[in-house]
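Chain by chain, the residues:
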Amino acid sequence: MFFATARRCRAIIATGAAIAAALALAGCSTTSPAATGGSQANALRKVSVVLDWTPNTNHSGLYVAQTEGYFAARGLDVTIIEPGETSGLDLVAAGQADLAYSVAESLVPARQAGADVVSVATIIQHNTSSLISLTSSGITRPRDLEGRSYGTYGSDLEKALIRKLVTCDGGDPDKVTFAPLGSDDFRIGLTQNQFDVAWVFDAWDTIRLRDVDHLDVSTIAFSDHTDCIPDWYTPLLATSGKTITKNPQLVRDFLAALSEGYQKAISDPPLAADDLLKAAPELDRGLVERSANYLATRYTDDPARWGQQDAVVWNGFVGFLEDNDLIKPGFDTAAAWTDDYLPH
């Protein structure tokens with residue numbers, strides 16, 4: 001994909017056989033508390049959901065719904081599949097998974113290539129991306145990137161966004177250099193002068209660098225520049241049109257429980273952190289707790305309407321892609337998403 005990156009859009013489990021093995025062995029999955037045998041478990045409807053990355057606070061509502069029994073209460077036996085090598089969107093489109101966490105920058109080209117995938121909820125209401133740099137670099141606004149190096153995964157979307165941001169702020173985008181990222185460790189890249197600035201997600205990367213690694217960093221939030229670049233949904237939850245047609249009630253029930261999970265993560269960040277850490281105890285507790293508190297105020301503008309998407313946001317993002325020749329003109333934006341299965 002033209003804007004997939006190794007970190008943000010890592011692909012998931014390679015084949016249907018691998019999925020079957022994962023489900024059978026639970027080597028990279030978790031199941032709901034009620035789905036542990038007996039007649040009740042037999043009556044539950046099985047649902048598989050693929051993550052877009054290893055467990056983190058973007059997924060908190062999912063793990064809350066799992067741990068607190070919200071899925072089971074709606075008759076669902078949910079299996080959570082962690083990342084592998086094939087994208088969750090591909091698995092959903094192929095009928096090898098029911099739902100997947102993904103991002104708009106992957107869903108749009110997937111649909112244009114013919115994949116049967118539809119966004120049914122946004123996980124976070126607004127993009128929490130930022131450009132991060134060491135405070136000592138003096139980078140405080142987009143035009144400060146002139147003469148600096150941007151750490152890149154090489155995606156066309158990155159280049160288009162950086163060029164647009166710098167141009168809008170009166171700078172010369174041709175004076176920005178693009179340095180390939182050697183790893184996902186931004187701390188090393190910044191402190192060893194491999195690059196001056198990089199694209200990060202504030203809820204995880206910025207908190208880790210600033211509050212856990214104690215680096216003196218500054219950020220330029222994408223959300224502060226939506227007069228120049230679009231807002232968009234990253235991450236989101238997708239399913240297939242086929243699943244919606246064949247089993248709409250399954251989608252409704254899943255989203256009802258998931259919505260309850262995210263509403264709980266909003267109202268009770270410590271519980272959300274604990275539930276995520278139960279599923280992924282290898283995570284740094286300090287990072288998870290700080291991130292849970294940060295996202296509690298950002299999952300949605302209105303907790304009663306978590307997951308709601310907006311045609312203006314979708315149209316703005318797709319328009320940006322078309323304007324920058326990142327997709328072919330004429331993309332059917334309205335068919336790419338629906339709010340019809342959310343509980344509200």
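Residues numbered from 1 in each chain as written. Predicted model: local features only at pLDDT ≥ 70, side-chain atom pairs only at ≥ 80, totals over all residues. Heavy atoms only, no water.

**Considering the sheet that holds strand E4 (residues 118-122)**
Part 1 of the argument: Taken in spatial order, the 5 strands of this open sheet run E2-E1-E3-E10-E4, and their pairing is mixed. With one partner strand each, in any of the chains shown, strand E2 (76-81) and E4 form the two edges of the open sheet. Across the sheet, the mean angle separating the axes of adjacent strands is 30 degrees when strand polarity is ignored.
Part 2 of the argument: Note: E4 against strand E10 (residues 236-239), 4 bridges, orientation antiparallel. Directly across from Ala 121, in E10, lies its bridge partner Leu 237.
Part 3 of the argument: In this fold helix H3 (residues 60-67) packs onto strand E1 (45-50), E2 and strand E3 (99-102), with an angle of close to 140 degrees to the strand it touches most, E2.
Part 4 of the argument: Packing of helix H11 (residues 248-267) onto the sheet brings it into contact with E1, E2, E3, E4 and E10, and relative to E1 it is tilted by some 60 degrees. (Pairing = 2+ DSSP bridges. Helix = DSSP H or I, 4+ residues; strand = E, 2+ residues; numbered from the N terminus. Axes fitted to C-alpha atoms, helices over the stretch in contact; angles between N-to-C directions. Contact = heavy atoms within 4.5 Å.)

**Looking at unusual backbone geometry**
Glycine aside, the phi torsion of most residues is negative, and most peptide linkages are trans.
Part 1 of the argument: In this chain, Thr 234 is followed by Pro 235 through a cis amide linkage whose omega measures 15 degrees.
Part 2 of the argument: For Pro 235, the location among the structural elements is in the loop between strand E9 (217-221) and E10.
Part 3 of the argument: With phi around 60 degrees, His 214 is a residue other than glycine that occupies positive phi space.
Part 4 of the argument: Summarising the element assignment, His 214 is placed in the loop between helix H9 (202-212) and E9.
Part 5 of the argument: A positive phi angle, close to 55 degrees, is found at Asp 325, a residue other than glycine.
Part 6 of the argument: Overall, the relative accessible area of 71% leaves Asp 325 in the exposed class. (Buried < 20%, exposed > 50% of the residue type's maximum accessible area, 1.4 Å probe, protein only.)

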